[in-house]
Amino acid sequence: ALALARVLGAPFVAEYCRELWLDVGGTFGVQRLLDVAREQVRREELALEQARLAAARQGAAEAWVVCDTSALTTLVYCLLDHGHAPPELRELARRPYDLTVLCALDFGFVQDGARRDAGFSARQQALTVELLQAFGMPWIEAGGAVEERLRAVRAALPRGS
């Protein structure tokens, strides 16, 4: 996501849940996950407002923001960890994006201090695909090296990006 933001010259919104988890650790309860989703969306809205202002100053037609995650991912964690999610979290997870990029699980598991095991990653991936389809969201799966992923995303974005 960060590489894509650099290529597009777009603001980058980091994954708030990862930031919080690295700070406090542990499995988050349902209310904490709802708070995480709210904060993620707040940060996205702030970045989008800034991007729109910058685009207007430059006379650009589009304002891109690249988000490392979305409330959909938070919903997935909530469902996998707790088996249910509050309606507000489900609604935040339906937030529209121009494109969601799901990174393929086409490399070995790498622990970075915040990841769970490879089995969890596979369950997370499957549920994410299921929800993207159920919510009718535009998405692609990008795999390979970073450059291959960037090419796939750029090809899926509207012309001029």
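That block above? That's the structure.
Rules used throughout
- Position numbers for residues count from 1 along each chain, tracking the sequence in the order it is written.
- Local features in a predicted model are, by the rule used here, given only for residues with pLDDT of at least 70; side-chain atom pairs are given and counted only at 80 or more, and totals for whole chains, interfaces and linings are based on all residues.
- For side-chain calculations, the full set of non-hydrogen atoms in the structure is used, while hydrogens and water are omitted.
- Whether a residue is buried, partly exposed or exposed follows from its accessible area with a 1.4 Å probe, protein chains only, as a fraction of its type maximum: under 20%, in between, or over 50%, in that order.
- Under the scheme used here, helices are H or I runs from DSSP no shorter than 4 residues and strands are E runs no shorter than 2 residues, and both carry numbers assigned from the N terminus.
- Here, strands pair whenever DSSP counts at least two bridges between them.
- The directions considered for the arc are those from the helix axis to the C-beta atoms.
- We call two residues contacting when some pair of their heavy atoms lies within 4.5 Å.
- Stacked, tilted and edge-to-face pairs are distinguished by plane angle, under 30 degrees for stacked and over 60 for edge-to-face with tilted covering the rest, among Phe, Tyr and Trp rings (Trp via its six-membered ring) whose centres lie within 6.5 Å.
- Charge-over-ring contacts are defined here by two conditions on Lys NZ or Arg CZ: a distance within 6 Å of the ring centre and an angle within 35 degrees of the ring normal.
- What counts as an axis is a line fitted to C-alpha atoms, over the stretch in contact for a helix, and the angles between N-to-C directions run from 0 to 180 degrees.
- For this classification, under 35 degrees means roughly parallel, over 145 means roughly antiparallel, 65 to 115 means roughly perpendicular, and everything else is oblique.
- Under the grouping applied here, Gly and all other residues not named as nonpolar or charged are polar, the nonpolar ones being Ala, Val, Leu, Ile, Met, Phe, Trp, Tyr, Cys and Pro and the charged ones Asp, Glu, Lys and Arg.
- We call a set of buried Ala, Val, Leu, Ile, Met, Phe, Trp, Tyr and Cys residues a nonpolar core when their side-chain atoms join them within 4.5 Å.

Caption draft 1: Fine view of the pairing of strand β3 (residues 100-103). Where burial is concerned, the two faces of β3 differ: the one with Thr100 and Leu102 is buried and the one with Val101 and Cys103 is not. Taken together, the four bridges between β3 and strand β4 (residues 139-142) define a ladder with parallel strand orientation. Residue pairing for β4: Val101 is matched across the bridge by Ile140.

Caption draft 2: Region of the structure containing helix α2 (residues 16-24). Considered for burial, the residues of α2 that qualify are Tyr16, Cys17 and Leu20. Viewed along the axis of α2, the buried residues span an arc of 95°, placing them on a single side of the element. Tucked into the core, α2 has its buried residues touching α3 (30-58). In the stretch just after α2, Gly25 is the one whose phi turns positive, near 70°.

Caption draft 3: Spotlight on the packing of aromatic side chains. Per the stated rule, a full pass over the model turns up one aromatic pair. Just above the ring of Phe28 sits the side chain of Arg32; from NZ or CZ to the centre is 5.3 Å.

Caption draft 4: Broad picture of the environment of Asp35. By the element assignment, Asp35 lies in helix α3. Note on Asp35: relative accessible area 34%, which makes it partly exposed. Here the alpha-carbon distance between Asp35 and Cys17, two residues 18 residues apart in the chain, equals 9.6 Å.

Caption draft 5: Quick peek at the packing of α3 against helix α4 (residues 71-82). Closest axis-to-axis distance for the α3/α4 pair is 9 Å, and the angle between their directions is 170°. Judged by the inter-axis angle, α3 sits roughly antiparallel to α4. Where α3 approaches α4, its residues Val30, Leu33, Val36, Ala37 and Val41 are matched on the opposing element by Ala71, Thr74, Tyr77, Cys78 and His82. Residue classes in the contact of α3 with α4 are distributed as eight nonpolar, two polar and no charged.

Caption draft 6: Region of the structure containing the nonpolar core. Membership of the largest hydrophobic core comes to 24 residues, with the highest contact counts inside it found for Leu72, Leu75, Leu89, Leu131 and Phe135. Broken down by secondary-structure element, the contributors of at least two residues to this core are α2, α3, α4, α5 (87-93) and α6 (118-135). Counting 10 residues, the second largest nonpolar core, distinct from the first, contains Leu4, Val66, Ile140 and Val153.

Caption draft 7: Representation of the packing of α2 against α3. Close contact between α2 and α3 brings their axes to 9 Å; oriented N to C, the two are set at 130°. In terms of their interaxial angle, α2 and α3 are classed as oblique. On α3, the residues that touch Tyr16, Cys17, Glu19, Leu20 and Val24 of α2 are Arg32, Leu33, Val36, Glu39, Gln40 and Arg43. Considering only residue class, the contact of α2 with α3 consists of six nonpolar, one polar and four charged.

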